[in-house]
Amino acid sequence: MKPCPKLSNSHVVGVIFTVLFLGLQGVRVAECRVATRLDCLEYPAISCRKHSALLTDFGGVGDGKTSNTRAFQYAISNLSHYASDGGALLVVPPGKWLTGSFNLTSHFTLFLQNEATILASQDESEWPTLPVLPSYGRGRDAPDGRFSSLIFGTNLTDVVITGYNGTIDGQGSYWWDKFHKGELKLTRPYMIEIMFSDHIQISNLTLINSPSWFVHPIYSSDIIIQGLTILAPVDSPNTDGIDPDSCTNTRIEDCYIVSGDDCIAVKSGWDEHGIKFGMPSQHIIIRRLECVSPDSAMIALGSEMSGGIQDVRAEDLTAINTQSAVRIKTAVGRGAYVRDIFVKGMSLNTMKYVFWMTGSYGSHPDPGFDPKALPNITGINYRDVYADNVTYSARLEGIANDPLQESVFLM
């Protein structure tokens, strides 16, 4: 790390070094510098902050045993007052910081230093409950509500979760056991979920053992997800790596994922609930992804795709010991569309399928789906594919009376 000049206070000095464009809207990335009592931090972010503080300033104890739920909540509540005055950065120092769910605020950065670990509490009383997602109509694990994610935010703008490869450990085995025993009355928490928000960055972290999905931006736009290492046992249930859901202008790059489910799954709502909500996932870029997932896909499109999925561009992809490369998952009742998908440059080794389209995925939230709502699959493009030790080159499963037309072009 470059030497950081001593500052008279903990204000941030930012210098713009590059500009990224996501779709039609630009997301500026700046080089940020901040001096704290413990260290000098330099990191790239969509926004630099004028104010900063340490979690220990708010009573945090990093012994791996003391609950820090109130410390996180108190810190973020206090720092939210700086939203209109340059924003604020909360530094999580080295240590093990046990916590339940906590909510983020706008114009805010959560920064995990090297050797800092956020540990998810296994005390369910530290996990508030939320209603089901409107585009889903029920929970994924149980019909009723769901537990809030470990790190949660809604109706926010300009939020950064980053660090020097600090770790967030979801301690998911507690939840996986309940799932396997059929003891869940609410849907398991995700690790990070941001809803109804814009200008989001999640980068340079190690995420391990989420109770369910790891990173779930939903109903949001202008998102950068970069430099994540995501690790879960390959037999852990529903531990999707990154799931952009009804999101627009999303860039996912330079991530390494080992998962018990899809490494990346693009979603947009479930059957009649997703059709009614009507918010597609669109303008998504995925590049330089490495994936290991023996029972699932490197990139899945669906199966919850009832708001539509369009304009997904993926390149420079590597999958090893993974069930399928890019899989399109749909079913009767989903409706909507998957269209304009461009995939270039896949290196695949030890795969069951290279191409897999499923039109009979099943799995409905309730019996109220419309059997006449059939998905439209068009404009699927693959090129520059190298595959070694593959069982089947392709598996295409359509839907009766809903033929695939001009859908796949291999070049």
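Conventions we followed
Residues numbered from 1 in each chain as written. Predicted model: local features only at pLDDT ≥ 70, side-chain atom pairs only at ≥ 80, totals over all residues. Heavy atoms only, no water. Helix = DSSP H or I, 4+ residues; strand = E, 2+ residues; numbered from the N terminus. Contact = heavy atoms within 4.5 Å. Disulfide = S-S within 2.5 Å. Buried < 20%, exposed > 50% of the residue type's maximum accessible area, 1.4 Å probe, protein only. Pairing = 2+ DSSP bridges. 1 Å grid on protein atoms, 1.4 Å probe; cavity = no way out; pocket = protein on both sides within 12 Å on 5 of 7 lines; lining within 4 Å. Points joined across faces, edges and corners; volume = space filled by probe spheres on them. Nonpolar A, V, L, I, M, F, W, Y, C, P; charged D, E, K, R; others polar. Phe/Tyr/Trp six-rings, centres within 6.5 Å; stacked < 30°, edge-to-face > 60°.

Q: Would you mind going over the environment of leucine 205 with me for this structure?
A: Relative to the helices and strands, leucine 205 resides in strand β17 (residues 198–208). Separated by 71 residues in sequence, leucine 205 and lysine 276 place their C-alpha atoms 36 Å apart. Non-local contacts of leucine 205, meaning those with residues more than four positions away in its chain, are made with Leu112, Ile161, Thr162, Gly163, Asn165, Gly166, Ile168, Gly227, Leu228 and Thr229.

Q: Explanation requested: the state of the cysteines in the structure shown.
A: Two cysteines form a disulfide when their sulfur atoms are joined by a covalent bond. Under the defined criterion, the tally for this structure stands at 2 disulfides. Between the sulfur atoms of cysteine 32 and its disulfide partner cysteine 48 the distance amounts to 2.1 Å. In this structure, the disulfide formed by cysteine 32 and cysteine 48 twists by about -90° around the S-S bond and is classed as left-handed. One end of the pair, cysteine 32, is in strand β2 (residues 25–35); the other, cysteine 48, is in the loop between β3 (40–45) and β4 (51–54), and 16 residues separate them in sequence. Of the residues examined, cysteine 32 reaches a relative accessible area of 0% and is grouped as buried. At a sulfur-sulfur separation of 2.1 Å, the disulfide partner of cysteine 263 is cysteine 291.

Q: Is there a simple way to think about the environment of arginine 28 in this case?
A: When you line up the elements, arginine 28 lands in strand β2. When the C-alpha positions of arginine 28 and isoleucine 46 are compared, they lie 5.4 Å apart, and in sequence the two are 18 residues distant.

Q: Which parts of the structure should I look at to understand the pairing of strand β22 (residues 281–292)?
A: In the case of a regular strand, side chains alternate between the two sheet surfaces. Sheet analysis places strand β20 (residues 248–258) next to β22, joined by 9 bridges and oriented parallel. The partner of tyrosine 256 across the bridge, within β22, is glutamate 290.

Q: Would you take a moment to explain empty space enclosed by the protein for this structure?
A: Picture a little ball the size of a water molecule; that probe, rolled over the atoms, points out where space is still empty. Under the definition given, this model contains 2 cavities of 30 Å³ or more. Taken as a whole, the second largest cavity holds about 50 Å³ of empty space. Split by residue class, the lining of the second largest cavity holds 4 nonpolar, 2 polar and 3 charged.

Q: Would you mind going over the pairing of strand β10 (residues 116–120) with me for this structure?
A: With 5 of its 5 residues buried, β10 lies for the most part within the structure. Alternating positions in β10 separate into two faces, Ala116, Ile118 and Ala120 on one and Thr117 and Leu119 on the other, with burial throughout. As paired strands, strand β7 (residues 95–99) and β10 are joined by 5 bridges and run parallel to one another. Within β10, the residue paired with leucine 98 across the bridge is leucine 119. Examined bridge by bridge, β10 and strand β15 (residues 167–169) share 3 bridges and lie parallel to one another. Residue pairing across strands places isoleucine 118 opposite isoleucine 168, the latter belonging to β15.

Q: Please clarify how the packing of aromatic side chains should be interpreted in this entry.
A: A ring pair, where both rings are aromatic, is described by two values, the distance of the centres and the angle of the planes. The tally for this structure, following the rule as stated, stands at 14 aromatic pairs. When the centroid spacing of 5.1 Å and the interplanar angle of 55° are considered together, the rings of tyrosine 43 and phenylalanine 111 count as tilted. Of the two residues, tyrosine 43 is situated in strand β3 and phenylalanine 111 in strand β9 (residues 108–112); the sequence distance between them amounts to 68 residues. What makes tyrosine 43 buried here is its relative accessible area of 2%. By relative accessible area, phenylalanine 111 is classed as buried at 0%. Here tryptophan 127 and tryptophan 175 contribute two aromatic rings whose centre-to-centre distance is 5.8 Å and whose plane-to-plane angle is 80°, an arrangement assigned as edge-to-face. Taken together, the positions of tryptophan 127 in the loop between β10 and β11 (129–130) and tryptophan 175 in helix α2 (residues 173–180) put the pair 48 residues apart, joining distant regions of the chain.

Purely spatial values, then, with no claim about function.
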